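Below are the chains, spelled out letter by letter.
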Amino acid sequence: MKFDSLDEARIHYNKYAKHIGFSVRCSSSRKSVLDHERDKQVFICNKADKNDENKVPVVKLRNRLITKRYECKAKMRVKRIGDRWEVTQFVEEHTHEVTNKFALKKYLRSHKNIPKEEMHFIDLLHGVNLSAGRIMEIMTELYGSRANVPYDTKKISNYTAKHNEKLRHIDIPELLEYFEELKKEDPNFFYRYKLDKDSRVENLFWVDARSEGFNAVLKKYTTPHGSLLHFFEQYMKLQEKIDCTEDHNEFEGDDKTLRVWGDFPMEEQMLKTYTIPIFRKFQEELRKITSYNVMLLHDGTYEVSPITGYCFGYGRRSYIVTADLPQQIYNCQCCKFNRDGILCCHVMKVMSAIGAVLEMPQHYILPRWCIPPPDVVPPEPVAIPEPSQKLLPYGNLTNYFATVI
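First, a word on what this report is: a plain description of the structure on this page. Here the structure is a predicted model, which means the values were calculated and not measured.

Judged by nonpolar contacts, the single largest core of 33 residues is most densely connected at Phe 282, Tyr 314, Val 347, Met 348, Met 351 and Met 360. Breaking this core down by element, the ones donating at least two residues are helix H8 (265–273), helix H9 (276–287), strand S9 (301–306), strand S10 (319–324), strand S11 (329–332) and helix H11 (345–354). With five residues, the top contributor of residues to this core is H11. In this structure Tyr 314 touches Glu 285, Lys 288, Tyr 292, Tyr 319, Cys 334, Lys 336, Cys 344, Cys 345 and His 346, once residues within four positions along its chain are discounted.

Further remarks concern empty space enclosed by the protein. In the structure shown here, the tally under the stated rule is one cavity of 30 Å³ or more. The computed volume of the largest cavity comes to approximately 40 Å³. Here the residues of the lining of the largest cavity are counted per class, giving four nonpolar, one polar and three charged.

Our focus in this paragraph is the packing of H8 against H9. Across the interface, H8 lies against H9 with an axial gap of 10 Å and an inter-helix angle of 165°. The orientation of H8 relative to H9 falls into the category roughly antiparallel. Judged by the twist between their axes, the crossing of H8 over H9 is right-handed. Of the residues in H9, those in contact with Met 266, Glu 267, Met 270 and Leu 271 of H8 are Phe 279, Phe 282, Gln 283 and Leu 286. Taken together, the residues of the contact of H8 with H9 break down into six nonpolar, one polar and one charged.

Among the structural elements, Ser 32 can be located in the loop between strand S2 (24–31) and strand S3 (38–45). Looking at Ser 32, the relative accessible area reads 12%, which means it is buried. Among the polar contacts made by the side chain of Ser 32, one reaches the side chain of Asp 35 at a distance of 3.4 Å. If near-sequence neighbours (up to four positions away) are discounted, Ser 32 is found in contact with Glu 37, Asp 39 and Arg 80.

Once that is clear, we can look at the pairing of S10. Covered by surrounding structure in S10 are Tyr 319, Val 321 and Ala 323 only, the residues Ile 320, Thr 322 and Asp 324 on the alternate face being uncovered. Two strands pair when backbone bridges link them, and S9 and S10 are joined in this way by four bridges, in the antiparallel orientation. Paired with Val 304 across the bridge in S10 is Tyr 319. Connecting S10 to the antiparallel partner S11 that follows it, the hairpin turn spans four residues, and Gln 328 within it adopts a positive phi of roughly 55°.

What counts, and where the lines are drawn
- Residues numbered from 1 in each chain as written.
- Predicted model: local features only at pLDDT ≥ 70, side-chain atom pairs only at ≥ 80, totals over all residues.
- Heavy atoms only, no water.
- Core = buried A, V, L, I, M, F, W, Y, C linked by side-chain atoms within 4.5 Å.
- Buried < 20%, exposed > 50% of the residue type's maximum accessible area, 1.4 Å probe, protein only.
- Helix = DSSP H or I, 4+ residues; strand = E, 2+ residues; numbered from the N terminus.
- Contact = heavy atoms within 4.5 Å.
- 1 Å grid on protein atoms, 1.4 Å probe; cavity = no way out; pocket = protein on both sides within 12 Å on 5 of 7 lines; lining within 4 Å.
- Points joined across faces, edges and corners; volume = space filled by probe spheres on them.
- Nonpolar A, V, L, I, M, F, W, Y, C, P; charged D, E, K, R; others polar.
- Axes fitted to C-alpha atoms, helices over the stretch in contact; angles between N-to-C directions.
- Parallel < 35°, antiparallel > 145°, perpendicular 65-115°, else oblique.
- Left-handed = near helix turned anticlockwise from the far one by under 90°.
- Polar contact = N/O pair within 3.5 Å; in protein donor to acceptor, adjacent residues only side chain to side chain.
- Pairing = 2+ DSSP bridges.

Right, here's the structure in full:
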């Protein structure tokens, strides 16, 4: 039997080994005295040689599992003759039981490999911040059962960790290049970085129109072990998700409407100003003013107390609200506006009591909650990128194959 390359010979013998049920490792090799290139290689069973039970390590090692050796003689020797590699010796017999159960073969050392096509798919899943466990669940669905997947969760975890390690070496240059591209597309994008004494990036800062309020949500999309480039990619994906949500809200704002709850003119104003999801939250707060009484304590200071002793979302406590009527500035102890960007029911209860319900002050209307202006230039229709188009039929074919075997 002849092969075009040494790697082709190794792959062929490893495939044979998986079919039989044993693992392969490389043994002795030799280099040619003429061209100093390898011209002989022996592939042996992983259970060749024998365990040295009397060997005591010089340094204390972790108590790891040790592969049982049986002095197995199974092997394949290949030699380079001309431009090709020929099999010069093949020993078939093993001195131990081979692994016949299909579901166990993926645990053999030389068969814990992820197919190249699936590496790209796993890169895609890892890129959207899925854990190794979640990726394994998706591959299980594609293969039909977990037993059919030719690798385990640990292999996926090791692969993604190795992928992250590669990114660390090109992380900063690629990230800065990415930033420059964004600056061309978005004039509001700004970044700066600081170098340490060794000319390495010590601090990195960026800001765009979406930066405000992202920190808490971003923690769900990133992990502390990822690279800076991965972190920023997740940031951009989160921004894209919010943009798509706003597009949906904009459509609903144009296509649908809601009924106002009361007769306050500022409610009608906010219906025309806020996106529908934000208006719903505003209206929930407006409805809750019926759950409270308000009492003037002294000039500009009010106490707002629940009528029945309890209000959903706020509990049993009373709140102090201060009002600067000439400046139309209100402050409440609940701090809802500082936290959520929407006035609370306590402030609106005071506004109702003093008759300030004709119009919502502009400084309490945050642009990020408003219906966006119409786009000037319609975007071009977008198709699925070609690499992703190739992954879809692969996944469908794998899933179909699992149902027929």
